[in-house]
Amino acid sequence: MCLFEQKVDALRKAGQYMWQYVVRQLIQRLFILLIISFLAFLALNMMSDPVDILKSMDPHITQQQIDIYKKQQGLDKSPGIRYFYWLKGAVHGDFGKSRAYKEDVLPLLIDRIPNTVAMQAIVILIIVFVAIPLGIFSAVNQYSTWDYILTFFAFTGQSLPIFWVGLMLILWLGVGYGLPFTGMYSDLVNVGGQMVPYSQAPWLIRFGDRIMHLILPVITISLLSLAGLMRYTRSAMLEVIRQDYVRTARAKGIPERKVVYSHAMRNAMIPIATIVIQMIPRLFAGSLIVEQIFGWPGVGKMIFDAVMQKDYNLAMVDLMFMSFLMVIFTLLADVAYAFLDPRITYR
Amino acid sequence: MKTKKNMNQDLNQKEEESIVEERDSINGIAGGIENEAGEVMGNVDYTYAQMVWIRFRKHKMALTGSAIILILLILAFGASTWCGGQNPSFTDITHRFLPPFSPGHFLGTDDVGRDVWTRLLYGGQTSLEIGFFIAIPAGLFGGLVGSISGYFGGWVDSVLMRLVEIFFSIPTLPILVTLSSYFGANKANIILLLIIFGWAGTARMIRGLVLQIKNYEFIEAAKAIGCTNTRIILRHIFPNTLAILIVQMTLAIGGAILAESSLSFLGLGVNPSTPTWGNMLSSAQNFMWNAPHLVVWPGLMIFLTILSFNFLGDGLRDALDPKLKQ
């Protein structure tokens, strides 16, 4: 067997182990998802007694009617049994009906997902293209004035309460400079000096209007998420720069620029890429507050409204969506780590 | 290009020199060390606490942070003295939305004429209390779970780490919103909820540390002379994780204050009858257009507090265990 064949063989074997790892992890994480769904179901069911809502809708409702309703909805069973009914439905894609919207909850959720994705995608692009270069710069110029300034900025960003930043930006840029800060679009948009309802405006104007509405929430989230990633990049980079092979590269006389940007950065990028992947579901879960402040109709605001209206089927499907993202993206981060770093094998 | 390279080397060298200097000064190797008065003292063996203090005071931001925390503690827990005995819940409808620096109301009044300065002080009391009551138990519990998990290994470790993984896979904020709306908004519930969702990170970190510690000789020695597992964990492993645990708890205080104020801001935290910075901000939000200054103060206090705790935590990390410095 020549060397090349050996190498191919090793790679093939590694790939096989990798698949076994992924499948094992998927099963394990499915189990975690089940446990979370059970706990969330119990919590949400304790939260609301459906009979209260019936009584408030119709004060003259008789006990008999309540019993019939309970039987119809399967509410006379214990929560444990009801969870299995829910699970059975969920497996078939039926997550129940929303109490507030009187519709199936899954299409309601799917309607909202693109709104949150649009916002978070821009946030992720911004923080990746700003935080990582700044972090690298900070690490390369360790203990310089700029490093201290950036460090101070990072500490500030990590300590800012997001809701306060949102409110201050509304007061400063929203009120002061007329940037829109509620909802996804204006009711009336300006088309060539004439105010036209949003739905009748040309797409370019609608697009521009949407971008304007994105500015404030995106700045708010980015400001806070930048800091963490920047610090992480800095320490990942410092970790690599300390290593022997970087010293060897320098000793060989390779230009500093090349040492930093091609020798050191490549290895530093591995943990950074995984952390970026892990940030995605957290940004989704954290979108709750920002969407609430800016009235952005995404999944975060939906969960808050659903909880407030005791609309537990809707809250449940939204919670499960967020947990699903968490579980999938942490797995993805692990796999990406193995994929990017050939030193790691999952045997 | 060349100059930049030289500069980098210079910096590295400088750094190494400073490390050597620091080590020598701490161990007193350099044959005498200056004390504060500038006199040269003989070879001194510093105690651990003295070494920590020597390293800590070099961290200017941490010093500033601890000074701010001290001031905040004095202000918040002596609230009745600093606000001239005013009642934080005393309402005065005839003096609503007074601007800052009004006579008798240093920071003005809110939507029902309550004194903002007074409420800010009492709010600080609640917020700080909540921060400590969450961070310390959560840290200790996480530390205990992590120690047990790392020390025993095997199935205990798998079970506990699966549990930690579950907590990591939960979208925390949405589930907190759900649970706190069910359990009702009061201080005890918020503290309990945030402890339940706050220990997992510490547990994972301490576990990693214990996996290293348990291979050291002194653990083997302890086992050899017949120490029980409980004794080894409590007397030999726990003290060695304490440095990281303290840092972790300091940072967690800021995190807990942030979490509490987020929930209070959403109207799901502490009941508005007890002022906290979060619920002050929540009610100020509704009057943002008439009285923007009401939004500024509580948020600024939250920010300042968390920033100070983060600086303090960072300084403590460098001081307690210089190996961790990055």
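So, here's what we can say about the structure. Every value quoted in this text rests on a predicted model; they were computed, and no experiment measured them.

Conventions used here
Residues numbered from 1 in each chain as written. Chains lettered and ligands numbered in written order. Predicted model: local features only at pLDDT ≥ 70, side-chain atom pairs only at ≥ 80, totals over all residues. Heavy atoms only, no water. Helix = DSSP H or I, 4+ residues; strand = E, 2+ residues; numbered from the N terminus. Buried < 20%, exposed > 50% of the residue type's maximum accessible area, 1.4 Å probe, protein only. Contact = heavy atoms within 4.5 Å. Areas by Shrake-Rupley, 256 points an atom, 1.4 Å probe, with all protein chains shown as cover. Patch = residues over 30% accessible without salt bridge, like charges linked within 9 Å, V, L, I, M, F, W, Y side chains within 5 Å. Salt bridge = Lys/Arg side-chain N within 4 Å of Asp/Glu carboxyl O. Expected span 1.5 Å × (residues − 1). Pairing = 2+ DSSP bridges.

1. Brief notes about the overall build of chain B
At step 1: If you tally the helices and strands in chain B, you get 13 helices and two strands.
At step 2: Counting over 326 residues, chain B shows a buried share of 47%.
At step 3: Sequence separation of 24 or more characterises 66% of the internal contacts of chain B that already satisfy a separation of 6 or more.
At step 4: A total of about 15,800 Å² of accessible surface is found on chain B, and carbon and sulfur atoms cover 62% of it.

2. Things to note about a nonpolar patch on the surface
At step 1: A cluster of nonpolar side chains, contributed by Ile122, Leu125, Ile126, Phe129 and Val130 of chain A, occupies part of the molecular surface with about 430 Å² of accessible area.
At step 2: Within the secondary structure layout, Ile126 of chain A lies in helix α5 (residues 105–140).

3. Let's talk about unusual backbone geometry
Residue and element names in this part refer to chain A.
At step 1: Its identity is not glycine, yet Tyr143 carries a phi of approximately 65°, on the positive side.
At step 2: One non-glycine residue, Lys310, lies in positive phi territory at about 55°.
At step 3: A relative accessible area of 32% means that Lys310 is categorised as partly exposed.

4. A few points about the environment of Gln248 of chain B
All names here are of chain B.
At step 1: Considering the arrangement of structural elements, one finds Gln248 in helix α11 (residues 229–265).
At step 2: For the pair formed by Gln248 and Gly78, sequence separation is 170 residues and the distance between their alpha carbons is 28 Å.
At step 3: Residues contacting Gln248, with those up to four places away along its chain left out, are Thr202 and Met205.

5. Quick look at helix α13 (residues 293–320) of chain B
At step 1: Along its 28 residues, α13 of chain B runs 40 Å from first to last C-alpha, staying within 8% of the 40 Å computed at 1.5 Å per residue.
At step 2: Taken across its 28 residues, α13 of chain B has 23 buried, putting it largely inside the fold.

6. Things to note about the pairing of strand β1 (residues 188–191) of chain A
At step 1: In this sheet, strand β2 (residues 194–197) of chain A lies alongside β1 of chain A in antiparallel orientation, the contact comprising four bridges. Its bridge partner being in β2 of chain A, Val189 of chain A is matched across the sheet by Val196 of chain A.

7. Section: the pattern of salt bridges
Residue and element names in this part refer to chain B.
At step 1: According to the stated counting rule, one finds ten salt bridges over all chains in the structure shown.
At step 2: For Arg162, the salt bridge identified is with Glu165, shortest N-O distance 3.5 Å. Taken as a pair, Arg162 and Glu165 lie in helix α6 (residues 154–169) at a separation of three residues, close to a single helical turn.
At step 3: For Arg162, a relative accessible area of 32% gives the class partly exposed.
At step 4: Taking relative accessible area as the criterion, Glu165 reaches 17% and is therefore assigned buried.

Everything listed here is a matter of geometry and, on its own, says nothing about what the molecule does.
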